[in-house]
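So the chains spell out like this:
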Amino acid sequence: MVRRVLTGSNGRLLRVIVMIVLMVVIHIPDAAAKCGGVDYSWGADALATAHDFTVTMMTYVLYICYTIAGIMVLISALQIYIKMQNGEGEISKNIQSLGGACLFMIGAPIVFPAFFGYHI
């Protein structure tokens, strides 16, 4: 049924109508963009506000990272203590991993903002 509608003489008319509708839909934003002037003066203020918000959130994210790092250090130290009490091996590997994670969590908040030119 659909094939007969699309291939018959009415099918050509249907395809033309569909193409016209698609062309109109595609060109509506083009026509809307060209009518009238647009005031972009609010853009600089909005950008400054977004920047201030982002910098403010950086400090909160830093505090959250410190909190998560503190919790992870406590868990890792407890796991190392339990391994030492049970006499399991590879304790030094876990201690080195904990030390590297601590150095990263101390260094990352200093290095990353400095790389982008911010001072928290």
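Residues numbered from 1 in each chain as written. Predicted model: local features only at pLDDT ≥ 70, side-chain atom pairs only at ≥ 80, totals over all residues. Heavy atoms only, no water.

Draft legend 1. Structural view of the overall build of the protein. Counting secondary structure elements, the protein contains four helices and zero strands. Walking the protein from its N terminus toward its C terminus, one meets helices and strands in the order α-α-α-α. The burial tally for the protein puts 8% of its 120 residues in the buried class. Carbon and sulfur atoms make up 72% of the accessible area of the protein, which amounts to about 10,200 Å² in all. (Helix = DSSP H or I, 4+ residues; strand = E, 2+ residues; numbered from the N terminus. Buried < 20%, exposed > 50% of the residue type's maximum accessible area, 1.4 Å probe, protein only. Areas by Shrake-Rupley, 256 points an atom, 1.4 Å probe, with all protein chains shown as cover.)

Draft legend 2. The arrangement of helix α4 (residues 91–116) in detail. The end-to-end C-alpha separation of α4 is 37 Å, in line with the 38 Å expected for 26 residues at 1.5 Å each. The largest bend along α4 reaches roughly 40° and is located at G107, with the proline P109 sitting one to four residues downstream. Among the residues of α4, those classed as buried are I91, L98, A108, P109 and P113. Positive phi appears at G117, one or two residues downstream of α4, with a value of about 90°. (Expected span 1.5 Å × (residues − 1). Bend = angle between axes of the 7 residues up to and from the residue.)

Draft legend 3. Representation of the confidence of the model for the protein in the model. With 74% of its residues at a pLDDT of at least 70, the protein reaches an overall mean of 77. Across the protein, helix α3 (residues 42–86) holds the top mean pLDDT of 85, while helix α1 (residues 2–7) sits lowest at 54. (pLDDT = per-residue confidence, 0-100.)

Draft legend 4. A look at unusual backbone geometry. Despite not being glycine, E90 has its phi angle at roughly 60°, a positive value. Within the secondary structure layout, E90 lies in the loop between α3 and α4.

Draft legend 5. Focus on a nonpolar patch on the surface. On the surface, a nonpolar cluster with roughly 450 Å² of combined accessible area is contributed by L14, V18, M19, L22 and I26. Considering the arrangement of structural elements, one finds V18 in helix α2 (residues 9–34). (Patch = residues over 30% accessible without salt bridge, like charges linked within 9 Å, V, L, I, M, F, W, Y side chains within 5 Å. Salt bridge = Lys/Arg side-chain N within 4 Å of Asp/Glu carboxyl O.)

Draft legend 6. Structural view of the environment of V61. Relative to the elements of secondary structure, V61 occurs in helix α3. Relative accessible area serves as the criterion here: at 46%, V61 is assigned to the partly exposed category. With 48 residues separating them in the primary sequence, V61 and P109 have C-alpha atoms 9.9 Å apart.

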